[in-house]
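# Breakdown of the fold
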Amino acid sequence: MRRIVFTIALLSFVAGSTPAIFGFCGFYVSKADTRLFNKASQVVLVRDGDRTVMTMANDYEGEPKEFAVVIPVPTMLKREQIHVGDKALVDHLDAYSAPRLVEYFDQNPCERREILPMMRAAAPLTESISQDAAGARAKALGVIIEAKYTVGEYDILILSAQQSSGLETWLGENGYRIPAGATPVIASYLKQNMRFFVAKVNVAEHARLGFTYLRPLQVAYESPKFMLPIRLGMVNAKGTQDLFVFALTRNGRVETTNYRTVKLPSDMDLPVYLKQSNEFSAFYKAMFTRQVESQNGNAVFTEYAWDMRWCDPCAADPLTGDELRRLGVFWADRDNQGPANVFLTRLHVRYDNAHFPEDLVFQETADRSNFQGRYVLRHAWTGSDICAQASGYRVKLSARHQGEAEELARLTGWTVADIRRKMGPEVAFAAEPAWWERIWKK
């Protein structure tokens, strides 16, 4: 059978908003009166031992002339540990691991074919005050400016503080508007001896560089903490947020230790009308929402887990060694056209304060079993040949169509009647049983 693969970059239809940065692990602080809030985020986590490289790329709404973000980090960061990344690399990783439709075409049942085993081939390896005065005021408030850097279009401070009130006062006096409700969250991070990474975007410099979007920030650090601080990101969010985590590790699948990690439903036969991009988008959103509800709103979902040295099917070209290296895979050979020993886990979480009171804590497992969010479309044979096999095929086809409609209804909550209508009048279904046949049906 011929097979065609379709995918959708999920962030584009889950969030439906303008690309931007860092909502998942920090809060936006604005120097204008515009209220900023974030709905979806992407983060790439490269992890090996205690070494982590984190790439942050998120969404924002609002158009302040200047804005900044405050992110808790587990350790001090030197200038060389901070980098401005390439959003195209995150987009490539997103496309490569996205849930996919796989399309098959039924053959003529009247034609005899010898089925030979298929070899599975690996994918080709392919506004300011004086510095002294600012430092004195910070010190008086118990705030220490541990480092100050300029990286690309970002002005960056690394701050530590004795108490949250002093840090909030300092941020407010320096023009950063702190969202209501941030105080207890900031205090909890200070108790963990975490520092605060303050990245201010200079819009003038951003314009001079010629970018039409905000580039991702990357940080590399060593810490036994393998986690994402999501609680600050909920302070100025409206409703739930969607977070996509792409974890790149050596040994195996990544999961959360303080929340359930659940695999999405996969490998179902579904109606072929979902091939239309808008229909697949609607299906995925409805299916994911239903899965969130079935887990009481506090689970993390695995959408993809696979050894990056091969893929089946490949939803996008595999990442090269150079691309992986630029994402932070420090053990990859930049000259190699294919990945080194890299295992990719794609996690999707929809979270809010009520259901995710703790930050996400991860662990790398030794599980290297492959998984992908994969949904199957089977096109019916429509020929007019007459043979015994064709008659049997048509009988089974009606039952198959009915099963596809019922499966889609189960996954999404849509009605079977609406699904059958969208499948079209040319699609045959098995005859509905009489009412009395349904009474004692087992």
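Here we summarise the structure given alongside this text. (Residues numbered from 1 in each chain as written. Predicted model: local features only at pLDDT ≥ 70, side-chain atom pairs only at ≥ 80, totals over all residues. Heavy atoms only, no water.)

The next point concerns the overall build of the chain. A tally of regular secondary structure across the chain gives eleven helices and 22 strands. Counting every position in the chain, which comprises 442 residues, the buried fraction comes to 53%. Accessible surface, the chain as shown: approximately 20,600 Å² in total, 51% of it carbon and sulfur. (Helix = DSSP H or I, 4+ residues; strand = E, 2+ residues; numbered from the N terminus. Buried < 20%, exposed > 50% of the residue type's maximum accessible area, 1.4 Å probe, protein only. Areas by Shrake-Rupley, 256 points an atom, 1.4 Å probe, with all protein chains shown as cover.)

This part covers the packing of helix α4 (residues 164-173) against helix α5 (residues 183-191). Two elements in contact, α4 and α5, have axes whose closest approach is 9 Å; the angle formed by their N-to-C orientations is 120°. On the basis of their axis angle, the class for α4 and α5 is oblique. For the crossing formed where α4 meets α5, the hand is right-handed. On α5, the residues that touch S164, L167 and E168 of α4 are T183, I186, A187 and L190. (Axes fitted to C-alpha atoms, helices over the stretch in contact; angles between N-to-C directions. Parallel < 35°, antiparallel > 145°, perpendicular 65-115°, else oblique. Left-handed = near helix turned anticlockwise from the far one by under 90°. Contact = heavy atoms within 4.5 Å.)

This next bit is on unusual backbone geometry. In the segment running from D312 into P313, the intervening peptide bond is cis, with an omega of -5°. Here P313 shows up in the loop between β18 (299-307) and α8 (321-327). If you check the backbone angles, N193 has positive phi at about 60° while not being a glycine. Backbone geometry places D267, a non-glycine residue, at a positive phi of 65°. Its location among the elements puts D267 in the loop between β16 (260-263) and β17 (268-270).

Judged by side-chain polarity, W436, I439 and W440 come together as a nonpolar surface patch covering roughly 430 Å² of accessible area. Of note, I439 is situated in helix α11 (residues 435-439). By relative accessible area, which is 44% here, I439 ends up partly exposed. (Patch = residues over 30% accessible without salt bridge, like charges linked within 9 Å, V, L, I, M, F, W, Y side chains within 5 Å. Salt bridge = Lys/Arg side-chain N within 4 Å of Asp/Glu carboxyl O.)

A few words now on the packing of aromatic side chains. Taken as a whole and judged by the stated rule, the model has 13 aromatic pairs. Centroid distance Y259 to F356: 4.5 Å. Interplanar angle 40°. Geometry classified as tilted. Remark: F356 occurs in the loop between β19 (343-351) and β20 (360-364) and Y259 occurs in the loop between β15 (254-256) and β16; sequence separation between them is 97 residues. Neither residue differs from the other here; Y259 and F356 are each classed as buried. Plain terms: the ring middles of F330 and W331 are 5.1 Å apart, the flat faces sit at 90° to each other, and that makes the pair edge-to-face. The class of W331 is buried, set by a relative accessible area of 14%. Aromatic ring contacts, followed pair by pair, group Y96, Y304, W306 and W310 into a single cluster. The aromatic ring of Y104 is capped on one face by R378, whose charged end is 5.0 Å from the ring centroid. Between K422 and the ring centre of W414, over which it is positioned, the NZ or CZ distance is 5.9 Å. (Phe/Tyr/Trp six-rings, centres within 6.5 Å; stacked < 30°, edge-to-face > 60°. Lys NZ or Arg CZ within 6 Å of the ring centre and 35° of its normal.)

On to the packing of helix α9 (residues 388-412) against helix α10 (residues 416-423). Packing of α9 against α10 leaves a shortest axis separation of 9 Å and a crossing angle of 125°. Classified by the interaxial angle, the pair formed by α9 and α10 is oblique. The two elements α9 and α10 meet at a crossing, and its hand is right-handed. When α9 is examined against α10, the residues H401, Q402, E404, A405, E406, L408 and A409 are found in contact with a partner set consisting of V416, I419, R420 and M423. Of the residues assigned to the contact of α9 with α10, the class counts are six nonpolar, two polar and three charged. (Nonpolar A, V, L, I, M, F, W, Y, C, P; charged D, E, K, R; others polar.)

Before going further, it helps to examine the pairing of strand β9 (residues 143-151). Note: β9 against strand β10 (residues 154-161), eight bridges, orientation antiparallel. Bridge pairing in β10 links K148 to L157. What sits between β9 and β10 in their antiparallel hairpin is a turn of two residues, with G152 showing a positive phi close to 60°. (Pairing = 2+ DSSP bridges.)

On to the state of the cysteines, then. Counting across every chain of the model gives two disulfides. Across the disulfide from C110 sits C387; the S-S distance is 2.0 Å. Its S-S torsion of approximately -90° makes the covalent link between C110 and C387 left-handed. The class for C110 is partly exposed, based on a relative accessible area of 26%. In this structure C387 comes out as buried when scored by relative accessible area, which is 18%. (Disulfide = S-S within 2.5 Å.)

As a further point, take the environment of H355. Structurally, H355 is set in the loop between β19 and β20. Using a relative accessible area of 32% as the deciding quantity, one classes H355 as partly exposed. In the structure, H355 is positioned 115 residues away from T240 in sequence and 9.7 Å away in space, judged by C-alpha atoms. Apart from the residues within four sequence positions on either side, H355 is in contact with Y259, N296, G297 and N298. There is a polar contact of 2.9 Å between the side chain of H355 and the side chain of D352. (Polar contact = N/O pair within 3.5 Å; in protein donor to acceptor, adjacent residues only side chain to side chain.)

Here the structure, examined in full by the defined rule, presents 25 salt bridges. Note that R326 is salt-bridged to D86, the shortest N-O span being 3.0 Å. Owing to a relative accessible area of 28%, D86 belongs among the partly exposed residues under this scheme. Within the structure, one salt-bridge network assembled from shared partners comprises D86, D322 and R326.

Moving on: helix α2 (residues 87-97). Extensive coverage of α2 is indicated by the burial of eight of its eleven residues. Residues of α2 that are buried: K87, L89, V90, H92, L93, D94, Y96 and S97. At the N-terminal boundary of α2, the capping side chain belongs to D86, with an oxygen 2.9 Å from the backbone nitrogen of A88.

In this approach a probe as big as a water molecule rolls over the atoms, and the regions it shows empty are the leftover space. Looking at the second largest pocket, its volume works out to about 460 Å³. Lining the second largest pocket are 22 residues, and of these V53, H83, A220, R325 and G328 sit closest to its centre. Of all the secondary structure elements, the ones that give two or more residues to the lining of the second largest pocket are β5 (51-59), β7 (82-84), β12 (217-222) and α8. Considering each element in turn, the lining of the second largest pocket owes the most residues, five residues, to β12. (1 Å grid on protein atoms, 1.4 Å probe; cavity = no way out; pocket = protein on both sides within 12 Å on 5 of 7 lines; lining within 4 Å. Points joined across faces, edges and corners; volume = space filled by probe spheres on them.)

Nothing here speaks to function; it is geometry throughout.
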